[in-house]
Amino acid sequence: MSIHVVDHPLVAHKLTTLRDRRTDSPTFRRLSDELVTLLAYEATRDVRTEQVDIETPFTRTTGVRLSHPRPLVVPILRAGLGMLDGMVRLLPTAEVGFLGMVRNEETLQASTYVSRMPDDLSGRQVYVLDPMLATGGTLVAAIKELIGRGADDVTALCLLAAPEGVEVMERELAGTPVTVVTASVDERLDENGYIVPGLGDAGDRMYGTAG
Ligand code: URA
């Protein structure tokens, strides 16, 4: 497992506005979308391609196109949905699966409550979308499920990460073909599991507090 923090002034600029408590939901959604597209550019650096012969108006030449099987994009419900459009803008031919994860508040174990994706992910590159890598429990459970189905290359896109969550990922997913791409690793988690300085509850900031 490796982590890549995208160091770019546009990423920092958009993230700063997302962090600002005065940013309203429509602006928050638009900026998350733009930020995801910038993260996606880095996250897809190793997307698999195959050689293709084409003709330009002048000559024959060789280029590349995304290879098969197509990459799979998996937003984790609910807040990961707010990252989907930004991701598929760069990968319009990707397939999309969905994972709903819930945490048992007593055991703190994350489990899957909804899953819509192929059973067999052998040979697939998978891009998981989850805005906040906080304790790491949800993302670890989601990625173990994907690897269990055969995914051989998993990249998680997170707007923000906490050092505690990164440590859990590194421990639980040691030796796996997993990369986390994020705009920032913040200072810490607070006693309620929120990232500090963070941006608050990503789902609520995107969609309000309808539950
Ligand atoms: N989930 C959020 O939405 N925000 C955090 O800070 C941590 C987890």
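Residues numbered from 1 in each chain as written. Predicted model: local features only at pLDDT ≥ 70, side-chain atom pairs only at ≥ 80, totals over all residues. Heavy atoms only, no water.

Novice: Requested: an account of helix α5 (residues 163–172), with residues and values cited.
Specialist: Three or more residues of α5 are buried, namely Gly165, Val166, Val168 and Met169. When α5 is viewed along its axis, its buried side chains cluster within an angular range of 160° and face the same direction. Pointing more than 90 degrees away from the buried face of α5 are the exposed residues Glu167 and Arg171. Looking at the packing, one finds that the buried side of α5 touches β1 (2–5), β9 (132–133), α4 (137–148), β11 (160–161) and β12 (178–182). (Buried < 20%, exposed > 50% of the residue type's maximum accessible area, 1.4 Å probe, protein only. Helix = DSSP H or I, 4+ residues; strand = E, 2+ residues; numbered from the N terminus. Arc of directions from axis to C-beta. Contact = heavy atoms within 4.5 Å.)

Novice: Which residues make up the pattern of salt bridges, and what values go with them?
Specialist: Taken as a whole and assessed by the stated rule, the structure comprises 15 salt bridges. Across the pair Glu55 and Arg60 runs a salt bridge, and its minimum N-O distance is 3.1 Å. The same class applies to Glu55 as to Arg60, namely exposed. Put simply, Lys14, Arg30 and Glu34 are held in one network by salt bridges that share partners. (Salt bridge = Lys/Arg side-chain N within 4 Å of Asp/Glu carboxyl O.)

Novice: Quick one: what's the story with the site of the ligand, residue by residue and with numbers?
Specialist: Around the ligand, the surrounding shell consists of Met132, Ala134, Gly193, Tyr194, Ile195, Gly200, Asp201 and Ala202. One nitrogen or oxygen atom from the main chain of Gly200 is found 2.8 Å from a nitrogen atom belonging to the ligand. The contact in question runs from an oxygen atom of the ligand to an N or O atom on the backbone of Ala202, over 2.7 Å. Taken together, the residues of the shell around the ligand break down into 5 nonpolar, 2 polar and 1 charged. (Near = heavy atom within 4 Å. Polar contact = N/O pair within 3.5 Å; in protein donor to acceptor, adjacent residues only side chain to side chain. Nonpolar A, V, L, I, M, F, W, Y, C, P; charged D, E, K, R; others polar.)

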